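Examining the three-dimensional arrangement
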Amino acid sequence: MTDNIAAGSPASDIPSHADGYVGDPAVREEWDNRYADRPQLWSGRPNGALVAEVAGLAPGRVLDVGCGEGADAVWLARGGWDVTALEVSGVALERAAGHARDAGLAVHWVHAALTEAALPPASFDLVSVQYPALLRTPDAAAERALLAAVAPGGVLLVVHHAGMDTRQAHDSGFDPADYVWPSMVADLLDDDWEVEVDEQRPRVAPDGGAGAHHHDDLVLRVRRLR
């Protein structure tokens, strides 16, 4: 379920999520089950931090990492962006494609894990990563994949829930130490990058949807200089 990104052929529909997935099948199954458990998991509205940070940017090519049910992708496409949206859950992608189709918008859908996706390097004017569930690895594969996708002059925007990165492992099995947080991306920056925003601030949260109880964001916005 990966469109030909290099050729850039738009798609408003995707095939069934039984084919073409690139990544860990267990991760796909976990997220498919979460989405299948309810008809709508998220609010259906774009994330507030994304809306705020994109306001001053000229539309170009954008990669939406972990696009979920497509609210950010549809909002970006409506604003004139050429959107590539990546997601591990086929259930979520089917919903996202339906929303884009209903809006008459073209989005490049990619059914893959970030570290397994065949993304064109240094090609995106904006890489948007909103509250990701990216697994941490010793070689920082996810963090490096995010940085590698940004074109010279482009922006990487990573937003996450404040305070979660310092919590202890939960009885449910969730351990913050297993996941990538904005500070881990910042730790990899060198002289090729300029930090434009690195702060904690009140979250502008859409009404409803999972995660609505989180009140503050960690926002990291960095620009690739060369």
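Above this note sits the structure.
This report concerns the structure included in the present document. For clarity, every value in this text was computed on a predicted model and none was experimentally measured.

Here we take up the overall build of the protein chain. A tally of regular secondary structure across the protein chain gives six helices and seven strands. Secondary structure elements of the protein chain, listed N to C terminal, follow the sequence α-α-β-α-β-α-β-β-α-β-α-β-β. Looking at the protein chain residue by residue over its 226 residues, the buried ones come to 48%. With the model as given, the accessible surface of the protein chain reaches about 10,500 Å², and the carbon-plus-sulfur share is 49%.

The seven strands lie next to each other as β3-β2-β1-β4-β5-β7-β6, forming an open sheet whose pairing is mixed. Edge positions in the open sheet fall to β3 (108-111) and β6 (193-202), since each of these has one partner strand only. In this sheet, neighbouring strand axes are inclined to one another by 15° on average, regardless of whether the strands run parallel or antiparallel. One ladder, built from seven bridges, connects strand β5 (residues 150-161) with strand β7 (residues 216-224); its direction is antiparallel. The partner of Val158 across the bridge, within β7, is Leu220. Each of β1 (61-65), β2 (82-87), β3 and β4 (124-130) is contacted by helix α3 (residues 71-78), which is oriented at about 175° to β2, the strand it contacts most. Lying on the sheet, helix α4 (residues 90-103) is in contact with β2 and β3; it crosses β3 at an angle near 175°.

Right, let's get into the nonpolar core. Ranked by size, the top nonpolar core spans 27 residues in total, and within it Leu76, Trp81, Val83, Ala85, Val107, Trp109 and Leu126 carry the most contacts. Counting residues per element, the ones that place at least two in this core are α2 (48-54), α3, β2, α4 and β5. With residues near it in sequence (within four places) discarded, Leu76 still touches Leu50, Val54, Val62, Trp81 and Val83. Core analysis: the next-biggest nonpolar cluster, separate from the first, contains 24 residues, Ala117, Leu147, Leu156 and Val222 among them.

What counts and how
- Residues numbered from 1 in each chain as written.
- Predicted model: local features only at pLDDT ≥ 70, side-chain atom pairs only at ≥ 80, totals over all residues.
- Heavy atoms only, no water.
- Helix = DSSP H or I, 4+ residues; strand = E, 2+ residues; numbered from the N terminus.
- Buried < 20%, exposed > 50% of the residue type's maximum accessible area, 1.4 Å probe, protein only.
- Areas by Shrake-Rupley, 256 points an atom, 1.4 Å probe, with all protein chains shown as cover.
- Pairing = 2+ DSSP bridges.
- Axes fitted to C-alpha atoms, helices over the stretch in contact; angles between N-to-C directions.
- Contact = heavy atoms within 4.5 Å.
- Core = buried A, V, L, I, M, F, W, Y, C linked by side-chain atoms within 4.5 Å.

Treat this as a map of the structure, not an account of what it does.
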